Protein chains: 2
Amino acid sequence: MNGAESLVETLLESGVDTVFANPGTSEMHFVAALDRRPEMRCILCLFEGGASGAADGYYRMSGKVAATLLHLAPGFGNAFANLHNARKAQSGVVNIMGEHASYHLRHESPLKGDTMGISQAVSHWTRVSQDAVQVAGDGAAAVTAARSLNGQVATLILPANTAWEEAVASEVAAAPPALRRPANAAIAAAAQALRRPGAALMVDGAALHSDLSLTAARIARATGARLMAPFFAARTRRGAGTPRMQRLVYEIDGNVALMADIGTLVLCGAARPTAFFAYPGKPSLAEAPGTAVLELCAIDMDIGWTLQALAEACGAGEVVLTAQDLVPLILPELPTGALNLDKIGAAIAHLMPQDTVVVNEAVTSGAPVAIATATARPHDLLVTMGGAIGDGLPTAVGVAVACPERKVVALSGDGSAMYTLQSLWTMAREGLDVTVVIFANHVYRILHGELAAVGAKAGRNVARMFDMVEPQLDWVALAKGHGVEAVRCVTTDEFVAAFGRAMTRRGPMLIAVEC
Amino acid sequence: MNGAESLVETLLESGVDTVFANPGTSEMHFVAALDRRPEMRCILCLFEGGASGAADGYYRMSGKVAATLLHLAPGFGNAFANLHNARKAQSGVVNIMGEHASYHLRHESPLKGDTMGISQAVSHWTRVSQDAVQVAGDGAAAVTAARSLNGQVATLILPANTAWEEAVASEVAAAPPALRRPANAAIAAAAQALRRPGAALMVDGAALHSDLSLTAARIARATGARLMAPFFAARTRRGAGTPRMQRLVYEIDGNVALMADIGTLVLCGAARPTAFFAYPGKPSLAEAPGTAVLELCAIDMDIGWTLQALAEACGAGEVVLTAQDLVPLILPELPTGALNLDKIGAAIAHLMPQDTVVVNEAVTSGAPVAIATATARPHDLLVTMGGAIGDGLPTAVGVAVACPERKVVALSGDGSAMYTLQSLWTMAREGLDVTVVIFANHVYRILHGELAAVGAKAGRNVARMFDMVEPQLDWVALAKGHGVEAVRCVTTDEFVAAFGRAMTRRGPMLIAVEC
């Protein structure tokens, strides 16, 4: 058994059985070891950003850590943006990054780069294997790290000689350390605070997509506090039957207004609401200056235990939720007439089946869909967590691998989708049941908005940098090139027909809407 | 004048008039400042890797520093791989990376990331502007850094508040510091060494694409030394009338054989020949163990002065080169019959006009083209310098912007081209005269070779990771989707007709060859 083989065994015995891969010359022994264990599912992505984004989506829906296989330094660089997004989503990921043989590093070869530096710029945990015998232990430690603190990005750098030299045995990843919990006094103080007028409870993490959301709703009901959720959430269970929550919005001005009358804000698994970006004369934080903020449970703490304890302290254990606490099922009518974004939202809400997973990275065009689907059949919503565009299609790949029985709908602006369009090929290769909706507005609409927000007007250079015209992208051709069936829609009837068909068939399909 | 405006002025006054841009929300004031100065050419790339690769190609052909405009942390990550390639090519590049307003960084926002860490992992020079008044000086220092030591990657991190706050004036970049030169004694020792039997002179940098190549040839003629060049060179002037040089090959075994009888190796602007990668039981260095290696002039020293001084010391100043010293013009016949890679090489060599710039990142399929074009009409050859695939198309964009009067031919494997295929759109948008030849073999052929090199056989998981079949990529559709005319060729006649037509028209065209 060589080091690479000991690592593959370690991953499998530790429950990591999926690798999103874009291998390079530095990982050949690891590739050979993977080849000997066909029970490891190897999914090829034609660009490393597809691999890291897929691992993110896979973790968000399965709670399972996947591995990525990345080429040294620049290959990891290509994965960086979606590892940033995964980090912000608290997705557990194990990256296996190749590296030159340790004795080769003293020489100047083309691919020599700062593997440690780029890993540490985004990973929570980085280790370089020092010899083949230690590779199994290092791999097990990486898996444990990825599962720690509610999910982390862990990177194991594997010098080629540690892969090909003799190893002894595999190891099994240890359980992650217990999560930190707030003190009882803090629980009691929070319970008291939530009963004050103008109190709000903001939850995140598992409280947005598991039964913990019902616990949070009971606490709100028992205390009279408002129940809130952040705008960016890694996974939200939405639609009919889920607890009503007030969600923040994208713009800081809107959040300042929403939070103006909150006297006490209790954060449970949620970060303090912050502006996406700073603007001249606008605040960085959304809460009013006088608001008391209780950070009861940080995002890397035990939110499940905390919410249960808080529910007890609030006497919320016996609260029975009523229809008032839950989102009703309200499906919009199927739209007709001239196509616009609201009608796209209505059609999607009307047609998408229960348990659809919506991956929405269409920040501007996707907003009407989010509104229309708020009362649709229950579904999951995943959004870009780190603000780095180009994660929608890769995330959808990982979601579809994690949930083969569920329909996946990926919404993307054309600008965002262009970053990682290679993911379309992986959808075709793996026969993934993803319906991709591209809002082909031929413009970086969000940038026009941000430019207006800083008070500037657009001239020639702005047009040259913000508008994707001359030529326009042809999304039907792009999809066809990747082996994915596609259709372009300019009328409402076309969209309803295309999306309806996509919902009743399996396999990848791309719908480009222009309106 | 705000900080952003002072930076745009500084760049223009310092001779930086081209920006390869993929702007994001953190750079809006810089975008607004660019908009006020239409004489700054802003070229939109639909992915940051396209911008950094274009800046690399632009510098290699023009010797001029271009700027890139990149989004903070993850946006820079997307540019990382081609910045790695640019670094290895010694291309001078100034990256302008946005950043949160400095006072916003204490909060946890989605896009907050380790901007300094990722920059330092690839840049020679990194600076964070501390306030608006210093931005102009910082920008001037970045330009100087990019022009120093024969070309460097310089990154200026621009917190948003330093862009929007009041500045005073622009600055002009100072001249870079003088390059280091070898001592006279070292020149004399090298001159003596080159007269020994079995001596070789290996040159790189400007000695491969300027009149310095003739100086090197005179030295070789005067001393009897072999004249050699590395396999990876940022820019090589090749073909008829250029000095004969013995070029290294890709594989370490081949280089060991080529260099076995070299007793003394004098390196002038060239790095010590190193294996691309380490392999079990094979050496890292190519020279024979007993070879004396004289590192006369490091790659960041004054190669022009050094070669002239060496020529004088060798009495080579009066040497008149004859036909024997220069590559003759030998054009292969136009091929017919069944298509193969040799015939593609012959057709390209026969048809490409003088002064074509060939960007060849097709490491496996491109080799026959390199052989066939060795005696073609004089042209320039650019290859991937850092081993990070996905730089061919972006580099071609930069080359075509730098040399609008020259035909550019970009050769790429399908696996490589998929990394940064968005560059096709920029070619169409800017009307760049690039003929892209895609070797659509539907496989990462180099990886199959590397796997064989480590002694492994390919099974199912290898096939799943190395082969791009089920589905095959449709390059004609991919090109059409980006607005580029394309044709697929499976016969020699089709390729000759398509490539011949591409050589006589202007504008981008893609030719996908399957053989």
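Just so you know, these numbers come straight off a predicted model, no measurement behind them.

A. Broad picture of the overall build of chain A. Counting its secondary structure elements, chain A contains 20 helices and 18 strands. Relative to its length of 515 residues, chain A is compact, with a C-alpha radius of gyration of 24 Å against a globular reference of 24 Å. Overall, the C-alpha framework of chain A stretches about 65 × 60 × 45 Å when taken along its three principal axes. Restricting to contacts in chain A with at least 6 residues of sequence separation, those with at least 24 account for 80%.

B. Here's a closer look at the relation of the copies chain B and chain A. Once turned by 180° and shifted 0.0 Å along the axis, chain B lies on chain A with an RMSD of 0.0 Å. Given the turn and translation reported, the copies of this chain are related as if by a two-fold rotation axis. By residue overlap, the copies meet face to face through one surface: 100% of the interface positions of chain B are interface positions in chain A.

C. Geometry of the packing of helix α3 (residues 48–62) of chain A against helix α4 (residues 74–88) of chain A. All names here are of chain A. Relative to each other, α3 and α4 sit at 25°, their axes nearing to 7 Å. Compared by their axis directions, α3 and α4 come out roughly parallel. Taken as a pair, α3 and α4 cross one another with a handedness that is right-handed. Taken together, the residues of α4 that come into contact with α3 (itself represented by Glu 48, Gly 49, Ala 51, Ser 52, Gly 53, Ala 55 and Asp 56) are Gly 75, Asn 78, Ala 79, Ala 81, Asn 82, Leu 83, Asn 85 and Ala 86. For the contact of α3 with α4, the per-class residue count stands at 6 nonpolar, 7 polar and 2 charged.

D. Layout of the interface of chain B and chain A. With 85 residues of chain B at the contact, the number on the chain A side is 85 residues. Across the side of chain B that touches chain A, the residue classes tally to 51 nonpolar, 23 polar and 11 charged.

E. Quick look at helix α11 (residues 303–313) of chain A. Where α11 of chain A is concerned, the buried positions are Ile 303, Thr 306, Leu 307, Ala 309, Leu 310, Ala 311 and Ala 313 of chain A. The positive-phi residue at the C-terminal boundary of α11 of chain A is Gly 315 of chain A, with phi of around 65°.

F. Focus on the sheet that holds strand β16 (residues 434–439) of chain A. Residues and elements named next belong to chain A. Strand order in the open sheet made by the 7 strands is β9-β14-β13-β15-β16-β18-β17, with mixed pairing throughout. Among the strands making up the open sheet, the edge pair consists of β9 (236–238) and β17 (485–489). Each strand of the sheet is rotated relative to its neighbour by a mean of 20°, with strand direction disregarded. Relative to β16, strand β15 (residues 408–413) runs parallel, the two sharing 6 bridges. Of the residues in β16, the one forming a bridge with Val 408 is Val 434.

G. Summary view of the domain arrangement of chain A. All names here are of chain A. When cut into domains, chain A gives domain 1 (3–164), domain 2 (184–325) and domain 3 (341–513). The C-alpha centroid of domain 3 is placed 29 Å from the C-alpha centroid of domain 1. Contact with domain 1, which involves 24 residues of that partner, is made by 25 residues of domain 3. Elements with a contribution of two residues or more to the side of domain 1 that touches domain 3: β2 (41–44), α3 and α4.

H. Broad picture of the pairing of strand β1 (residues 18–21) of chain B. All names here are of chain B. Here β1 shows two buried faces, one formed by Thr 18 and Phe 20 and the other by Val 19 and Ala 21. Relative to strand β2 (residues 41–44), β1 is paired through 4 bridges, and the arrangement is parallel. Residue pairing for β2: Val 19 is matched across the bridge by Cys 42. Relative to strand β3 (residues 66–70), β1 runs parallel, the two being bridged by 3 bridges. Across the sheet, the residue bridging to Val 19 is Ala 67, located in β3.

I. Just the nonpolar core, in detail. In terms of nonpolar packing, the biggest core is built from 396 residues, with Leu 201, Cys 268 and Ile 511 of chain A together with Leu 201 and Ile 511 of chain B touching the most fellow members. Leave out the neighbours within four places in its chain, and Cys 268 of chain A touches Leu 201, Met 202, Val 203, Ala 207, Leu 296, Cys 297, Ile 303, Thr 306, Leu 307 and Leu 310 of chain A.

J. Structural context of the packing of α3 of chain A against helix α14 (residues 392–402) of chain A. Residue and element names in this part refer to chain A. Relative orientation of the contacting elements α3 and α14 amounts to 45°, with a least axis distance of 6 Å. When the axis of α3 is compared with that of α14, the two are oblique. In this structure, α3 meets α14 at a crossing whose hand is right-handed. Contact residues: Gly 49, Gly 50, Gly 53, Ala 54, Ala 55, Asp 56, Gly 57, Tyr 58, Met 61 and Ser 62 in α3; Pro 394, Thr 395, Ala 396, Val 397, Gly 398, Val 399, Val 401 and Ala 402 in α14. Considering only residue class, the contact of α3 with α14 consists of 10 nonpolar, 7 polar and 1 charged.

K. Here's a closer look at unusual backbone geometry. With an omega of 0°, the peptide bond between Glu 470 of chain A and Pro 471 of chain A qualifies as cis. Tracing the backbone shows Pro 471 of chain A in the loop between α18 (460–466) and α19 (475–481). A positive phi angle, near 70°, is found at Asn 150 of chain B, a position not held by glycine. For Asn 150 of chain B, the position within the fold is in the loop between α6 (132–147) and β6 (153–159). Take Asn 150 of chain B: there are 20 C-beta atoms within 10 Å of it, and that puts it in the buried class. The phi angle at Glu 470 of chain B is positive, at roughly 50°, despite the residue not being glycine. Residue class for Glu 470 of chain B comes out partly exposed when judged on the 13 C-beta atoms lying within 10 Å of it.

L. Highlighting the sheet that holds strand β6 (residues 153–159) of chain A. Residues and elements named next belong to chain A. The strand order across the open sheet built from 6 strands is β2-β1-β3-β4-β6-β5, with neighbouring strands paired in parallel fashion. The two strands at the open ends of the sheet, each matched to only one other strand, are β2 and β5 (125–128). Neighbour-to-neighbour, the strand axes of this sheet turn through a mean angle of 20°, independent of strand direction. Taken strand by strand, α4 contacts β3 (66–70), β4 (93–99) and β6, and its axis lies near 155° from that of β3.

M. A look at the confidence of the model for chain A. Within chain A, residue pLDDT values average 96, and 100% of them lie at 70 or more. Model confidence for the complex is summarised by a pTM of 0.98, with the ipTM given as 0.97.

N. View of the pairing of β6 of chain B. All names here are of chain B. Most of β6 sits out of view: 7 of its 7 residues are buried. Every second residue of β6 is oriented toward a common face, with Val 153, Thr 155, Ile 157 and Pro 159 on one face and Ala 154, Leu 156 and Leu 158 on the other, all of them buried. Here strand β4 (residues 93–99) runs beside β6; their pairing, made up of 7 bridges, is parallel. Paired with Asn 95 across the two strands is Thr 155, which belongs to β6. Where strand β5 (residues 125–128) and β6 come together, 4 bridges link them in parallel fashion. Looking at β6, one finds that Val 128 is bridged to Ile 157. Since β5 and β6 lie parallel, the crossover through α6 that links them has a hand, and here it is right-handed.

Quick notes on the rules
Residues numbered from 1 in each chain as written. Chains lettered and ligands numbered in written order. Predicted model: local features only at pLDDT ≥ 70, side-chain atom pairs only at ≥ 80, totals over all residues. Helix = DSSP H or I, 4+ residues; strand = E, 2+ residues; numbered from the N terminus. Rg over C-alpha atoms; globule rule 2.2 N^0.38 Å. Contact = placed C-beta atoms within 7 Å. Least-squares fit on C-alpha atoms with pLDDT ≥ 70 in both. Axes fitted to C-alpha atoms, helices over the stretch in contact; angles between N-to-C directions. Parallel < 35°, antiparallel > 145°, perpendicular 65-115°, else oblique. Left-handed = near helix turned anticlockwise from the far one by under 90°. Nonpolar A, V, L, I, M, F, W, Y, C, P; charged D, E, K, R; others polar. Buried ≥ 20, exposed ≤ 12 C-beta atoms within 10 Å, placed from the backbone. Pairing = 2+ DSSP bridges. Domains from an automatic or database assignment. Core = buried A, V, L, I, M, F, W, Y, C linked by C-beta atoms within 7 Å. pLDDT = per-residue confidence, 0-100. Right-handed = clockwise from strand over helix to strand, strands pointing away.

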